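# Overview (structure and organization)
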Amino acid sequence: MSMSQDDLKRAVAQAAIAYVPTDCIVGVGTGSTANCFIDELAKIKHKLRGAVASSEASAKRLQGHGIEVVSLNDAGTLPVYVDGADEITRHLHMLKGGGGALTREKIVAAASKKFICLCDASKLVDVLGKFPLPVEVIPMARSYIAREIVKLGGQPKLRDGFTTDNGNIILDVHGLQIMNPVELESILNELPGVVTNGLFARRGADVLLLGKPEGGQTIIL
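Anyway, here's the lowdown on the structure attached to this text. All residue numbers refer to positions counted from 1 along the written sequence of the respective chain. Owing to the predicted nature of the model, reporting of local features is limited to residues with pLDDT of at least 70; listing and counting of side-chain atom pairs is limited to 80 or more, with chain, interface and lining totals taken over all residues. The basis for every side-chain value is the complete set of non-hydrogen atoms in the structure, without hydrogens or water.

The next subject is unusual backbone geometry. In this model, Asp-23 sits at a positive phi of 60°, which is unusual for a non-glycine residue. Starting at the N terminus, helices and strands are each numbered in turn, a helix being any DSSP run of H or I of at least four residues and a strand any DSSP run of E of at least two. Within the secondary structure, Asp-23 sits in the loop between helix 1 (5–16) and strand 1 (25–28). Throughout this description, buried means an accessible area under 20% of the type-specific maximum (1.4 Å probe, protein chains only), exposed means over 50%, and partly exposed covers the range between. Among the residues examined, Asp-23 registers a relative accessible area of 48% and is labelled partly exposed. Located in the positive-phi region is Leu-92, a residue other than glycine, with phi close to 70°. Under the relative-accessibility criterion, Leu-92 is labelled buried at 6%.

This is the structure:
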């Protein structure tokens, strides 16, 4: 039986629960797939000490389920971080940030021992970049960063009417074929005024739970 995209998200979210240790504080991402994971976490909340959220939206959803939200500063190193991706390769390099929470996602991921990525099969790509690459930018640096991105071969577009949870803007970069995501991640992050970008390559996923339309998951380690 063919599964809908929502079914696939639910299936991988259920599979991710197996990676959550008992009596831990778990890192939680942002977006529709992460929301499915939060809903699954609610079923085992009695086994959790709490969660660190990568966005205000995820924090609200966790609290709505009665799961305690802990600040990352208080939580220390997390055993596991669970989140989706807009694109992912077989090398487990990801492109993230379609929802605009990329900076906090990257911070929580960096503070976690294991990153579990949840995706449906449509997100698995050979080369990153068809999905526009988000870059979070301090507002005064907007036009400077845009000019630098053009030099790198990208077409930056301001995400209209959007402010991140950190009070910054996002430039979505179109037209890139990202052959070396680790290198591009570093180049962009070194530009003064860039907070971070949506390439999760220097610290990629450790496990990919990939939902297949025919049911079940493919696990790539």
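Let's pick the thread back up.
Being paired, for any two strands, means DSSP has found at least two bridges between them. Across the sheet, which stays open at both edges, the three strands sit in the order 4-5-11 with antiparallel pairing between neighbours. The strands lining the two open edges of the sheet, one partner per strand, are strand 4 (87–88) and strand 11 (199–200). Both strand 5 (residues 94–95) and strand 11 contribute to a ladder of two bridges, which runs antiparallel. For Leu-95, the partnering residue across the bridge sits in strand 11 and is Leu-199.

Here we come to the pairing of strand 3 (residues 78–84). Burial analysis of strand 3 places six of its seven residues in the buried class, the great majority of the element. Where strand 1 meets strand 3, two bridges bridge the pair, whose relative direction is parallel. Its bridge partner lying in strand 3, Gly-27 is registered against Tyr-81. In this structure, strand 3 lies alongside strand 6 (residues 112–120), joined through six bridges in parallel fashion.

Looking now at the environment of Val-182. Following the sequence through the fold, Val-182 ends up in helix 7 (residues 181–189). The exposure class of Val-182 is partly exposed, given its relative accessible area of 34%. Each C-alpha atom of the pair Val-182 and Leu-199 lies 7.8 Å from the other, and the pair is 17 residues apart in sequence. Beyond its immediate sequence surroundings of up to four residues, Val-182 is in contact with His-93, Ala-201 and Arg-202. Contacts are assigned to residue pairs that have any heavy atoms within 4.5 Å of one another.

On to the sheet that holds strand 8 (residues 155–158). Reading across the sheet, the four strands line up as 8-9-7-10 and stay open at both edges, with antiparallel pairing between neighbours. The open sheet has two edge strands, strand 8 and strand 10 (194–197), and neither has a second partner. Along the sheet, successive strands turn relative to each other by an average axial angle of 30°, direction set aside. Summarising the sheet, strand 7 (residues 133–137) and strand 9 (residues 169–174) pair through five bridges and their orientation is antiparallel. Residue pairing in the sheet places Leu-133 in a bridge with Val-173 of strand 9. Angular values range over 0 to 180 degrees, each being the angle between N-to-C directions of two axes fitted as lines to C-alpha atoms, with helices fitted over their stretch in contact.

Below, the discussion takes up the nonpolar core. By size, the foremost hydrophobic cluster in this structure holds 25 residues, and its most contacted members are Val-20, Val-26, Val-28, Phe-37, Leu-41, Leu-62 and Leu-118. Considering every element that reaches this core, the biggest residue donor is helix 2 (residues 32–41), with four residues. With residues up to four places along the chain from it excluded, the contact list for Leu-62 reads Val-28, Ile-38, Leu-41, Ala-51, Ala-53, Ile-67 and Val-69. Grouped together as the second largest cluster of nonpolar side chains are 21 residues, Ile-88, Met-94, Phe-115 and Phe-200 included. Joining through side-chain atoms within 4.5 Å is the link that ties buried Ala, Val, Leu, Ile, Met, Phe, Trp, Tyr and Cys residues into a set, and such a set is a nonpolar core.

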